[in-house]
Amino acid sequence: SGLSQEAGSVEQLSLHCAEGSLEWLYPTGALRLRLAPRLPPTSAAVKGGSPPHVTACIKPTGTFRGAQLYLEREGVLELLLPEAPRPRARCFSWLPQEKVALFLQATPHPDISRRIAAFRYELRGDWLARPALPAASLGAEGACRPCNDTEILMAICTSDFVIRGSIRSVSNDAELQESIIGVSATRIHRQKFPLFQAGGRAGRPVGSIRTPLRCGVKPGPGTFLFTGWLHFGEAWLSCAPRYRDFQRIYEGAQRLRQNPCEFPVD
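Residues numbered from 1 in each chain as written. Predicted model: local features only at pLDDT ≥ 70, side-chain atom pairs only at ≥ 80, totals over all residues. Heavy atoms only, no water.

**Some words on the pairing of strand β5 (residues 67-73)**
In step 1: Among the 7 residues in β5, 5 count as buried, and that is most of the element.
In step 2: Inspection of the sheet shows β5 paired to strand β8 (residues 100-106) by 7 bridges, in the antiparallel sense. If you follow L69 over to β8, its bridge partner there is L104.
In step 3: With antiparallel pairing between neighbouring strands as the criterion, β5 and strand β6 (residues 76-81) make up a hairpin whose turn holds 2 residues, including E74 at a positive phi of roughly 50°. (Buried < 20%, exposed > 50% of the residue type's maximum accessible area, 1.4 Å probe, protein only. Helix = DSSP H or I, 4+ residues; strand = E, 2+ residues; numbered from the N terminus. Pairing = 2+ DSSP bridges.)

Listed below in structure tokens is the structure:
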């Protein structure tokens, strides 16, 4: 709470968790949030390869008021969230040796009692491989490119969800620059959280998957294998080959013993 801060003071905090939220009541002065995620050993750079990046995503609540959020990188400030921003995620990356922090500065108001600056955050060390992030986020330049065979085989092993099903509908949100794909699942191979639940025709599980609007997703017939990541509680698309194409790719890799993991194929 800003009521416990002196005007003009800067409170220092550290964010270590992979994900979480911050709520600043009655913003006064400023908060400096050091980003120091606990990265798993697997995020270390492979010998002879490029150094690993860390990725952070920030998503304000719809009632974010009373402050502006800046990215502080090597002493230089960049505005991430103005006051009263649209509820869209902003993502950025940095090398572990870089000094990075978030600077949340209160904006002057005669009445601070009705203002709350709140946002959710995610810190990851492995999202640069092929992240499924919103259009305004880091790595979006590759979000619309079809996955190659290697990426498809890795996606079924590492994704937050792997769903076999068909497209029921596609709706577009111009404000958020997102397309929402309605999916009817014929088989749930994996989902870390209950994204797809019973409720469709013939009792089939249904759910929605998001992708950048500029990818131009259209509804079409056929069965697909949808894979992707959970991002602020929402499913984001990574790879979605037609199921028959996936069968061909998987069986070919199986003959060569190049499958990164076992997967049930009918």
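**Side note on the nonpolar core**
In step 1: By size, the foremost hydrophobic cluster in this structure holds 25 residues, and its most contacted members are L35, F92, L102, L104 and F119.
In step 2: Of all the elements in the fold, those that place two or more residues in this core are β2 (19-25), β3 (30-35), β4 (54-60), β5, β6, β7 (90-94), β8 and β9 (116-124).
In step 3: Dropping the residues within four chain positions of it, F119 is found in contact with S21, L22, L33, I58, K59, P60, T61, F64, L102 and L104.
In step 4: Counting 14 residues, the second largest nonpolar core, distinct from the first, contains I152, C239, I249 and Y250. (Core = buried A, V, L, I, M, F, W, Y, C linked by side-chain atoms within 4.5 Å. Contact = heavy atoms within 4.5 Å.)

**Some thoughts on helix α2 (residues 243-255)**
In step 1: Counted at 1.5 Å a residue, the expected span for α2 with its 13 residues is 18 Å, and the 18 Å between its end C-alpha atoms agrees.
In step 2: Residues Y243, F246, Q247, I249, Y250, G252 and A253 constitute the buried set of α2.
In step 3: Contacts from the buried residues of α2 go to α1 (149-158), β10 (161-173) and β14 (224-231).
In step 4: The first or second residue beyond α2 is R257, which carries a positive phi of 55°. (Expected span 1.5 Å × (residues − 1).)

**Considering the pairing of β7**
In step 1: Of all 5 residues making up β7, 4 are buried, and the element is well covered by its neighbours.
In step 2: Direction of pairing for β4 relative to β7: antiparallel, over a ladder of 5 bridges. Of the residues in β7, the one forming a bridge with V54 is W94.

**Overview of the pattern of salt bridges**
In step 1: Inspection of the entire model under this criterion finds 6 salt bridges.
In step 2: For R210, the salt bridge identified is with E178, shortest N-O distance 2.7 Å. Here E178 lies in strand β11 (residues 178-191) and R210 lies in strand β13 (residues 205-212), a separation of 32 residues in the sequence. Judged on exposure class, the residue R210 and its partner E178 are both buried.
In step 3: The salt bridge partner of E234 is R210, with a shortest N-O separation of 3.5 Å. Placement of E234 in strand β15 (residues 234-237) and of R210 in strand β13 is noted, with a sequence separation of 24 residues between them.
In step 4: Residues joined by salt bridges that share partners form a network here, namely K59, E178, R210 and E234. (Salt bridge = Lys/Arg side-chain N within 4 Å of Asp/Glu carboxyl O.)

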